[in-house]
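Structural characterization, general
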Amino acid sequence: MAVVGYGVHKKSFSKSKKEEARPTSFGQKEFLKYVRENAKKDLCGEQESLVNIEITLNPEGRPVDIKWKEYSCEKAKLEMARLLNQSPSWTTDFNHKVQLKISW
């Protein structure tokens, strides 16, 4: 707080653009949308990129214990690992196993 003249002027703190852009809810539905928007295309040649995984989310909402059940090519597997690492923290499904079968 700063005193200005005879009145009191309260400083306002605005949220950064990054904070405003952060989703309030991020779960399986939002992750699938995130993949569609951010995944690199044409990784497996003419074949569609496909990944079937099972993940567990830690209390901070980060994917841990990734089990790779199926993937169309090594590049698709690496791309999914990148997306899991760079996506926003999940706000749902903590300490549960989540099955994801994603193609792009």
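Worth saying up front: this structure is predicted, and the values here are computed from it rather than measured. (Residues numbered from 1 in each chain as written. Predicted model: local features only at pLDDT ≥ 70, side-chain atom pairs only at ≥ 80, totals over all residues. Heavy atoms only, no water.)

**Some thoughts on the side chain of Ser 87**
Mapped onto the secondary structure, Ser 87 falls in the loop between α3 (74-86) and β5 (97-103). At 3.4 Å, the side chain of Ser 87 forms a polar contact with the backbone oxygen of Leu 84. Residues within four places of Ser 87 in sequence aside, it is in contact with Phe 26, Phe 31, Tyr 34 and Arg 62. (Helix = DSSP H or I, 4+ residues; strand = E, 2+ residues; numbered from the N terminus. Polar contact = N/O pair within 3.5 Å; in protein donor to acceptor, adjacent residues only side chain to side chain. Contact = heavy atoms within 4.5 Å.)

**Some remarks on helix α2 (residues 28-38)**
Buried residues of α2: Phe 31, Tyr 34 and Val 35, and no others. Angular distribution of buried residues about the axis of α2 spans 100°; they occupy a single face of the element. For α2, the exposed residues lying more than 90 degrees away from the buried face are Lys 29, Arg 36 and Glu 37. Here the buried face of α2 lies against α3 and β5. (Buried < 20%, exposed > 50% of the residue type's maximum accessible area, 1.4 Å probe, protein only. Arc of directions from axis to C-beta.)

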